[in-house]
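# Structural characterization, general
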Amino acid sequence: MAKTSARTADKPRWKHPRLEWAMAALGLVLTLATLIIVLKAAGATAPPDLSVRLVEARPMGDQWVAEVEVSNRGDATAASVEVEGGTAPDVASATLDYAPGHGRERLSLVLPARPGPDTPFRIRGWSEP
């Protein structure tokens, strides 16, 4: 019969199995990654930074349709974006429902004359959603 001491028989080989340590480490990494993402999303956001440009002009009967693109380089969404184009007295305007942060939206304005590179297009205003 082999002699074993009382100390050796009571002591487990590993205090914690390796798989348990690996799962704990994975849980820690996932928790920290989630915390970083949430804190980053809760950080300061840049207000809407809107610009408008002419994309294309096409005839429609005796008028012209100017397709314009509204770009928002800011983080925040802009709602009820009012866009205007043309020169007085022939000015057209339209309202875009929303322009998402870092997004682009298109809309059409109907003008009596063909719009060109010198035709002014501008953002008149917007509201916060």
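Criteria and thresholds
Residues numbered from 1 in each chain as written. Predicted model: local features only at pLDDT ≥ 70, side-chain atom pairs only at ≥ 80, totals over all residues. Heavy atoms only, no water. Pairing = 2+ DSSP bridges. Helix = DSSP H or I, 4+ residues; strand = E, 2+ residues; numbered from the N terminus. Axes fitted to C-alpha atoms, helices over the stretch in contact; angles between N-to-C directions. Buried < 20%, exposed > 50% of the residue type's maximum accessible area, 1.4 Å probe, protein only. Polar contact = N/O pair within 3.5 Å; in protein donor to acceptor, adjacent residues only side chain to side chain. Contact = heavy atoms within 4.5 Å.

### Focus on the sheet that holds strand 4 (residues 90-99)
Paired through their backbone hydrogen bonds, the strands of a sheet run either parallel or antiparallel. Overall, antiparallel pairing links the three strands, which are arranged 4-3-6 in an open sheet. Of all the strands in the sheet, just strand 4 and strand 6 (121-127) have a single pairing partner and so form its edges. Direction aside, neighbouring strands of the sheet carry axes that sit 20° apart on average. Of the pairings in the sheet, the one linking strand 3 (residues 78-87) to strand 6 comprises five bridges and is antiparallel in character. Bridged to Ala79 within strand 6 is Ser127.

### Overview of the sheet that holds strand 2 (residues 63-72)
Spatial strand order, 1-2-5: three strands in an open sheet with antiparallel pairing. Looking at the sheet topology across the chains shown, the edges are occupied by strand 1 (50-60) and strand 5 (103-111). Looking at each pair of strands side by side, their axes are set apart by 20° on average, direction ignored. Relative to strand 5, strand 2 runs antiparallel, the two sharing nine bridges. Within the sheet, the bridge partner assigned to Glu67 lies in strand 5 and is Ser108.

### Overview of the pairing of strand 1
Bridge analysis of strand 1 against strand 2 gives 10 bridges, and the strand direction is antiparallel. Bridge assignment links Leu54 to a residue of strand 2, and that residue is Val68.

### Focus on the side chain of Glu67
Inspection of the secondary structure puts Glu67 in strand 2. Using a relative accessible area of 14% as the deciding quantity, one classes Glu67 as buried. Within polar-contact distance, the side chain of Glu67 engages the side chain of Arg58 at 3.3 Å. Beyond its immediate stretch of four places on either side in the chain, Glu67 contacts Arg53, Leu54, Val55, Glu56, Arg58, Arg106, Leu107 and Ser108.

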